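Single-letter residue listing:
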Amino acid sequence: FLASEVARLSDPYVPMRDGTLKNTRIIAPDGRNIKYPQRYAKKQYEGVSKSGRPFRYNGAPMRGKEWDKRMMADHAKDVERSVASFVGGKPK
C-alpha cells in the first residue's frame, strides 16, 4: 500500500513530455520500491543531461528532478495519514 500511495502522490511531480516515463512505473511485487524502466529515467531523476547541463522540464517547477523527495516534502503528512488509516491506526 505504501509504495502505491507514494507512486500515486508522486505522479504530478514526475517529468512528462508525452507521459511515457510516468505511465510506465513499476511497483515491485514486494512493495519495496518503485521503478521507472525507461532508459532515460535516471538522467531525468538526476536532472542533468548527457552534456552536463540541467534539464528544463515541461510543467516545472512541480514536475522535475528528484520527484519522490519533493513529493514527500510536500505530502509526508498525507502519506502518514493514509497508511495509518489503511492499517487501522491513527497518525502521530
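Residues numbered from 1 in each chain as written. Predicted model: local features only at pLDDT ≥ 70, side-chain atom pairs only at ≥ 80, totals over all residues. Heavy atoms only, no water.

Caption draft 1: Layout of helix 4 (residues 67–87). An ideal rise of 1.5 Å per residue puts 30 Å on 21 residues; helix 4 reaches only 26 Å between its terminal C-alpha atoms. At H75, helix 4 is deflected by roughly 80°, the largest bend along its length. Buried residues along helix 4 sit against helix 1 (2–10), helix 2 (20–23) and helix 3 (41–46). (Helix = DSSP H or I, 4+ residues; strand = E, 2+ residues; numbered from the N terminus. Expected span 1.5 Å × (residues − 1). Bend = angle between axes of the 7 residues up to and from the residue. Contact = heavy atoms within 4.5 Å.)

Caption draft 2: Up close: the pattern of salt bridges. As enumerated under the stated definition, the model contains eight salt bridges in all. Through salt bridges that share partners, D11, K22 and R25 make up one connected network. (Salt bridge = Lys/Arg side-chain N within 4 Å of Asp/Glu carboxyl O.)

Caption draft 3: Structural detail: the packing of helix 1 against helix 4. At a minimum axis distance of 9 Å, the contact between helix 1 and helix 4 shows a crossing angle of 130°. Accordingly, the angle class assigned to the pair helix 1 and helix 4 is oblique. By crossing handedness, the relation of helix 1 to helix 4 is classed as right-handed. In contact with L2, E5, V6, L9 and S10 of helix 1, helix 4 contributes W67, D68, M71, H75, V79, S82 and V83. Across the contact of helix 1 with helix 4, the residue classes tally to seven nonpolar, three polar and two charged. (Axes fitted to C-alpha atoms, helices over the stretch in contact; angles between N-to-C directions. Parallel < 35°, antiparallel > 145°, perpendicular 65-115°, else oblique. Left-handed = near helix turned anticlockwise from the far one by under 90°. Nonpolar A, V, L, I, M, F, W, Y, C, P; charged D, E, K, R; others polar.)

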